[in-house]
Every structure is written in structure tokens, then in C-alpha cells.
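Here is how the chains run, residue by residue.
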Number of protein chains: 2
Amino acid sequence: MSADSTNIPLAMLVVFGSAKLLAEVFERLKLPGIVGEILAGVLIGPSVLGWIHPTTVLSALADLGVLFLLFQVGLEVRAHELIRVGRLAAQVAILGVIVPFVLGWAIITLAGGARIEAFFVAASMVATSVGITARVLGSKGLLQDVASQIILAAAVIDDVLGLIVLAVVSSLARDRVRILELVATAVLAIGFTIVIARWGTRTVSFVAPHLVSRLQAGDVRFNLAMILLFALSVAAADAGIAAIVGAFLAGMSLADTAGERVRDMTNGVAELLVPFFLAGIGMRLDLTVFYSFNTVALALVIFAAAVASKLIGCGLGAVQLGRKNMLRIGIGMVPRGEVGMVVAQLGMTMGVVTKPIYTVVVFMAVATTLIAPPLLNMAFREE
Amino acid sequence: MSADSTNIPLAMLVVFGSAKLLAEVFERLKLPGIVGEILAGVLIGPSVLGWIHPTTVLSALADLGVLFLLFQVGLEVRAHELIRVGRLAAQVAILGVIVPFVLGWAIITLAGGARIEAFFVAASMVATSVGITARVLGSKGLLQDVASQIILAAAVIDDVLGLIVLAVVSSLARDRVRILELVATAVLAIGFTIVIARWGTRTVSFVAPHLVSRLQAGDVRFNLAMILLFALSVAAADAGIAAIVGAFLAGMSLADTAGERVRDMTNGVAELLVPFFLAGIGMRLDLTVFYSFNTVALALVIFAAAVASKLIGCGLGAVQLGRKNMLRIGIGMVPRGEVGMVVAQLGMTMGVVTKPIYTVVVFMAVATTLIAPPLLNMAFREE
């Protein structure tokens, strides 16, 4: 009899049920289930069946889902291993930012776009959305692989770099570049990430046993883990980085201390909410973009450039690891997910990105997300 | 960098963190943690600090939380045990509906309220909100106790009866009573509950092994449990009963088949989301009602009547179980929670319930919810 509870279970049933149904179909066809979950969003979303429309509640569940996804991934990653690959990962991240940016800018400029619009599209091609890759690698039990470690570390660095690029581009759009502000943002973002990555695990290992032994209400370990997750997500967002980086760092800080029960409980939340993130990506794909030939052509070119530029840039960054790992790392960095969309949306809000270009970026983000899992499966298949 | 993800982690941190903090404080004071979580909502809500305001996202999380709470309770309850106490529970439920209704109607009529308004307040005092009681009994490991079994079964029946009362009262407010429609609603609601309670467990035990062995995508058992949960919640709402009754029946249907892992994963979701339900109750309490003496007086009288009428009605219904169990059952049926609020809100939307009377009902709902846990603790304390 509760007010809106009729809608909540129905929305849960439709999104969760269709995502899991298509995941099952895809796995039977030997395709990645994750692609099925994204396509479930396309199918039930406004583009095709129109059963479900993006609402604030659904996007909140999607945001929570991706937080738990990265938290869960963080739980499987040891900080010292990530720091070990830090230098190489930085190389991968930096080249993986420069190449897509230059290529994206060049394409839009050649296509006759305005200078600022070209910068925005370029910026939207920069930041990797690590959620998809992490999910594929995690489900294959490959998070300890050296290529996986570099992908994860590079994605974190890449997010910090992406933030700086976005800050510069936004300043250009406002026709005033505040160097001091930019430097402050960069220092804060980089500092936050380094501090948590370096000392997070040690602090948690030291503080957690004291706290756990002194508290009594409910499932203390799980509750403390949740509070750390939300606190670091908030702190990351406040430091100007994506909240999901905070979630990842929270998970990583707990990797040594979290027991089986905390992991199972976290898995429950992730298993329930991640489909909302995946289906949410599909839901946002506006298929009407394909009604104009020029937009289709541009979308395909930008999509190809987005894939190629990460393959080349990130691959080159990992040249000392040999061709197989170069390919794996390049592919792992391909998905842009929601980050690119947010950049383009910001550009549209500022009035410097047009609607067709926005849809091109959304298409690029969704398509790179869709193509990554099958490519990853191929690249990581044992010979 | 995601659009609104800054707000989601912050809202999670504030609500979840404050609920767990106050739960801890209360447990240390030997008071029920659940009361702390509700008071956390009062504290951070618009009445006191104003850090958090009820939003669609927060109430969606609260709705999900109460679904998982009842699902979790259902998992601990065997259907045949509930059916065993069915006759006695029906007796408890029926008397527990009649006494509060008559008392509520009499008080508002004596206080000079309109006929329809009196009916609405009376209807709002009918339905027990079993979430709080179930949570207290579950945390004390008392769900197998005979009094607990009767409370749970009576609360399910009571919800069905409450629906019929609400349907009658709404018809009266519209000045046309459609007997046929009312009968159809009643038959559907009663039929649905009986069918699931009687054959749900058997069907699941028969179907689940076949499904589980044939599916491959992800955590199959957990996903199937979730789909059953949402499907029965939707079906219950469609049948005109509260979605939470469907959630409870889904859990009960799975009580024999769900393994340790499904339970742990479910606990994770419940542990995360139930605080949103509890704090949400507190958040809705409008303390400004206390600025008028008459409203305070009426609120206290209605509150006292709400407690006394369930104690007397439900107690009398369980007279053959002896005084101790009569008291336990009566107290267990006291909380009205969100159900009463929804009835009053409906009355306000229809223009037959005034604002002060609405706040009186909300106060009654919150206060009965707050008073139940300590009373339950006392009633269930072993001599």
C-alpha cells in the first residue's frame, strides 16, 4: 500500500530481469553476458520498446551500481601491486590521453566543427571508463594478470588526467584560462589518489581491528566498509576526480582486511545494482541519430578513431611488455562509458557542443563499451 | 566525473553513516539500535538539522529497503509453520482491525471531525507495519517463537483486511460504494496470499533445481531469488495488497531452498538499504505539529488509542495462548509505520483529511514505530 512502491518493484523487475535474461542468452551464444545487459537497456529503453525511461531513481541506482562495481574490483587488487606497475601505467595513461585527444580534435576540425567543439569532442575521447573492462577481467579471474594491473592503474591515472583536460577545455570555452585554479585542481586530484593508494591499506589494517572490536551494532565490518566506500567516493568527487575512483581506492584499501562475509555481502549489492549501470548505458543510446547520413559517417569515424587511438596510444605506452600485452592493454582502455557522455553533456550545457555532435559522442561511448568485452575475450584467450 | 554521482555517495554517506552511528549509540545505552536509526532520520531530516530532505531517490531506496527487509524475514519463516497458526492469526488480525477502527472513528467524531475524516483516521489505524517488529524479532533470533509466527501471519492477513477497509472508506469518500468491485478486490487479495503461502514453497522447491542447473550467467541462484522477489512484489501490488507482502511471500517460498550464499548476498543488500527505510520514517516526522496545543493533545490521544487498541484487540484474539503471549502479540502488532501515513495521504489527496489531522496520523505512525522495539524487548525478555 506504500506510495510509489508499485513502481519500484516493477522497474526493478523489468531492468534486472531483462538484463539477466539477455546476459543468459549471450552467454549461451558464447558472447559476453555484459554486452547482453547493455543491449537489454537499448531494448527496453526509449529507443526500441520504450518500457523504461531514464529517471532520477534509475540513474541513482546506476551510479550506485558503478560505485559497487569499482569497489568490488578494488577489493581484488592489492595496492602494492598497483604501485609496482605505477611508472609503466603512467606511461600508458599519458600516451592514451594524448593520442585520442589529438585524433579527435583533428577529425572534428577537418569535418568543419568549431574550435571549442573540437576540443570538447577530443576531451570526451580521453577518459577510459574502467568499469566494463574490470567487470570482464574480474569475471574471468584475471585481475592479478600484469596487463590487468596496468589497465587498472592506468585507468585511475587516466581519470585524473582526463579531469585536468576537461578543466582546461572548460576554461577555454569560458574564454579565460585560470592557470592557478587548474594547477590547484591537478595537485589536489593527484595528491588524493597517491595518498590513498600509498597509505590507505596500511591505515585500514591498523585502524580496522580496533574499531571492529569496539563496535557492536549490526554487521560492523560490512557497515564500516560501506562508510569507507561512501566517504572516499565523496572525497574523490570533492577533490575533483570521479567518485568511482574513490570507490576503487576504498575497495583497494580494504583488500587485505575484508573477510569472506564482507565480500559476499558486497557481491550481493553489486550483483543487484550493476545491471542498472549496464542497462543504463544502453538506455541512453538514441538510435534516431542514424536517420542522417552525415551523422552516421561522423559517428563511425569518431568510433573508429576512439578505438584506434587507445590501441595505439596505450599500446605504445606498454611497448616493453611485448605485443600480446600491448594489445591487451590497448583494448582494455578502449571503453569510454559514461565519462565521455558527461563531457559532451557539459559542452552542450555550455552551448558549445551541438546536438548531433553530442549524439555522436554518446554513440562512441556506448559503442566502445559494447566492443570492448568481445575484444578482451579474444585478447585474453589462452593460445 | 559522472553527472549526479557527487550527490549519491554523499546522500548514502549521510543517511547510512548517521543511522549506523546512532544505532551504535543506542545499543551502548542498551536501547534498540533500530530506534537510533529512526531518530537519525529525525535528526538529519528537515525537522532538525535539515541536511537531507526526502527525495524520490531516497524514498525509492527506502521502498527497496523495506522490500528486502520483508524478503529477509520471509527467508527465515517456513510456510507450513505459518499455515499451522493460520486460524489463530486470523482471529488476532480481525480483532486487531475492528478495535482500532472503532476507537479511531469514535475519537475523531468526538473531537468534532467530519464523518469521512473520522473514517480515514480509523482506516489509518488498522494496518500493522510488520517491518519493525520483524526486524526486532529477527535480530533477537526469535522468528521461530510461536508469538512471532502469529504476529507475522496476522500482519499478512491484517494487510489484506486493511486493504479492504481502505477500499470501503475510499468508496464512501467518493459517495458511491461499488459492492461488486470491493468483493472482487477482496477475493483477489485473499486468493493471491493463500495460493502463494500454500503452494509457493512447493513450486520453488520443484522448479528451482531445474532452472539452476540449466542457467549459466552470473550468480544464478541469487538472480533467480531477486527475480522472484520483484515479480511477487509486483504481483502483490497488482492484486491490491502491499508490495512488501509479496516480498515476504517470495522470501518464504525460498526458505527451504536458499543456501548460505544467497542469504549472505541478500543480507548485504538489506544491511545497506534498510537504514534508508528506518531513517526515512524519521525524516517524515514534522515536528512543527507540536506548535498547536490542540493538535498535540489529539496526537497523544490518537497515539494512546493506537497502542491500546492493538494491545486489546490482538491480545484478545490470542486469548487461548495465555497472558504472556497475548502481551507479546499485542505489542508486536502496534507499529503502523508507513501504511497509516499512506492512508492519510490518500485522504488528503481526496480532500477529505485536513493537514493537522494528517500530521496527527504521521505522528501516530512514527510514534507507534518508535515505541514498539523497547516494548518488544521487555515483553520477550526471559524471566
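**Things to note about the overall build of chain A**
Stage number 1. Within chain A, the regular secondary structure consists of 16 helices and zero strands.
Stage number 2. A compact globule built from 383 residues would reach a C-alpha radius of gyration of about 21 Å, and chain A, at 20 Å, matches this within 12%.
Stage number 3. Considering only C-alpha atoms, chain A reaches an extent of 65 × 50 × 50 Å along its principal axes.
Stage number 4. For chain A, buried positions account for 60% of its 383 residues.
Stage number 5. Sequence separation of at least 24 residues holds for 80% of the intrachain contacts in chain A that already meet a minimum separation of 6.

**Focus on the relation of the copies chain A and chain B**
Stage number 1. Superposition record for chain A on chain B: RMSD 0.0 Å, screw rotation 180 degrees, translation along axis 0.1 Å. Here the transformation between the copies is reduced to the relation of a two-fold axis.
Stage number 2. A share of 100% of the interface residues of chain A reappears at the interface of chain B, consistent with the copies meeting face to face through the same patch.

**What about the interface of chain A and chain B?**
Stage number 1. Contact with chain A, which involves 56 residues of that partner, is made by 56 residues of chain B.
Stage number 2. For the side of chain A that touches chain B, the elements supplying multiple residues, two or more each, are α1 (7–28), α3 (56–75), α10 (220–238), α12 (260–283) and α15 (337–349) of chain A.
Stage number 3. For the side of chain A that touches chain B, the element with the highest residue contribution is α1(A), accounting for 11 residues.
Stage number 4. When the residues that make up the side of chain A that touches chain B are grouped by side-chain class, the tally is 31 nonpolar, 15 polar and 10 charged.

**A closer look at the environment of A:Thr203**
Residues and elements named next belong to chain A.
Stage number 1. In this fold, threonine 203 is placed in helix α9 (residues 179–214).
Stage number 2. A tally of 13 C-beta atoms within 10 Å means that threonine 203 is categorised as partly exposed.
Stage number 3. On a C-alpha basis, the gap between threonine 203 and arginine 135 in space is 27 Å, while along the polypeptide they are 68 residues apart.

**As for the packing of helix α14 (residues 323–332) of chain A against helix α16 (residues 355–379) of chain A**
Residue and element names in this part refer to chain A.
Stage number 1. Two numbers describe how α14 lies on α16: the axes approach to 9 Å, and their chain directions differ by 165 degrees. As summarised for this structure, α14 and α16 are arranged roughly antiparallel, according to the angle between their axes. The interaxial crossing formed by α14 with α16 has left-handed handedness. Contacts from Leu327, Arg328, Ile331 and Gly332 of α14 reach α16 at Ala372, Leu375, Leu376 and Ala379.
Stage number 2. Each residue belonging to the contact of α14 with α16 can be placed in one class, and the counts come to six nonpolar, one polar and one charged.

**Considering the packing of helix α5 (residues 86–110) of chain B against helix α6 (residues 115–124) of chain B**
Residue and element names in this part refer to chain B.
Stage number 1. Between α5 and α6, whose axes approach to 8 Å, the crossing angle comes to 145 degrees. Considering only the axes of α5 and α6, their crossing is right-handed. Of α6, the residues touching α5 (which contributes Phe101, Gly104, Trp105, Ile108 and Thr109) are Glu117, Ala118, Phe119, Val121, Ala122 and Ala123.

**Some remarks on the environment of A:Val169**
Residue and element names in this part refer to chain A.
Stage number 1. Tracing the backbone through its elements, the reader meets valine 169 in helix α8 (residues 146–173).
Stage number 2. Classification of valine 169 by C-beta neighbours within 10 Å gives buried; the count is 25.
Stage number 3. The sequence separation of valine 169 and alanine 197 amounts to 28 residues, and the corresponding C-alpha distance is 28 Å.
Stage number 4. Excluding anything up to four places from it in sequence, valine 169 contacts Phe119, Phe120 and Ala123.

**What to know about α14(A)**
Note: α-helices contain 3.6 residues per turn, so residues at a spacing of three or four share the same orientation.
Stage number 1. When α14(A) is considered as a whole, its buried residues turn out to be A:Met326, A:Arg328, A:Ile329, A:Gly330, A:Ile331 and A:Gly332.
Stage number 2. Looking at the buried positions of α14(A), the neighbouring elements they touch are α5 (86–110), α7 (130–139), α8, α13 (293–317) and α16 of chain A.

**So, the environment of A:Leu327**
Residues and elements named next belong to chain A.
Stage number 1. One can find leucine 327 in helix α14.
Stage number 2. Considered as a pair, leucine 327 and aspartate 159 are 168 residues apart in the sequence and their alpha carbons are 21 Å apart.
Stage number 3. In this structure, leucine 327 is in contact with Gly315 and Ala379, ignoring residues within four places of it in sequence.

**Some words on the confidence of the model for chain A**
All names here are of chain A.
Stage number 1. Summarising the model, chain A shows a mean pLDDT of 84, and 96% of its residues fall at 70 or more.
Stage number 2. Across residues 1–6, confidence stays below pLDDT 50; counting only partners more than four residues off in sequence or on other chains, it has 19 contacts.
Stage number 3. For this predicted complex, the interface score ipTM comes out at 0.79, alongside a pTM of 0.81.

Conventions used here
Residues numbered from 1 in each chain as written. Chains lettered and ligands numbered in written order. Predicted model: local features only at pLDDT ≥ 70, side-chain atom pairs only at ≥ 80, totals over all residues. Helix = DSSP H or I, 4+ residues; strand = E, 2+ residues; numbered from the N terminus. Rg over C-alpha atoms; globule rule 2.2 N^0.38 Å. Buried ≥ 20, exposed ≤ 12 C-beta atoms within 10 Å, placed from the backbone. Contact = placed C-beta atoms within 7 Å. Least-squares fit on C-alpha atoms with pLDDT ≥ 70 in both. Nonpolar A, V, L, I, M, F, W, Y, C, P; charged D, E, K, R; others polar. Axes fitted to C-alpha atoms, helices over the stretch in contact; angles between N-to-C directions. Parallel < 35°, antiparallel > 145°, perpendicular 65-115°, else oblique. Left-handed = near helix turned anticlockwise from the far one by under 90°. pLDDT = per-residue confidence, 0-100.

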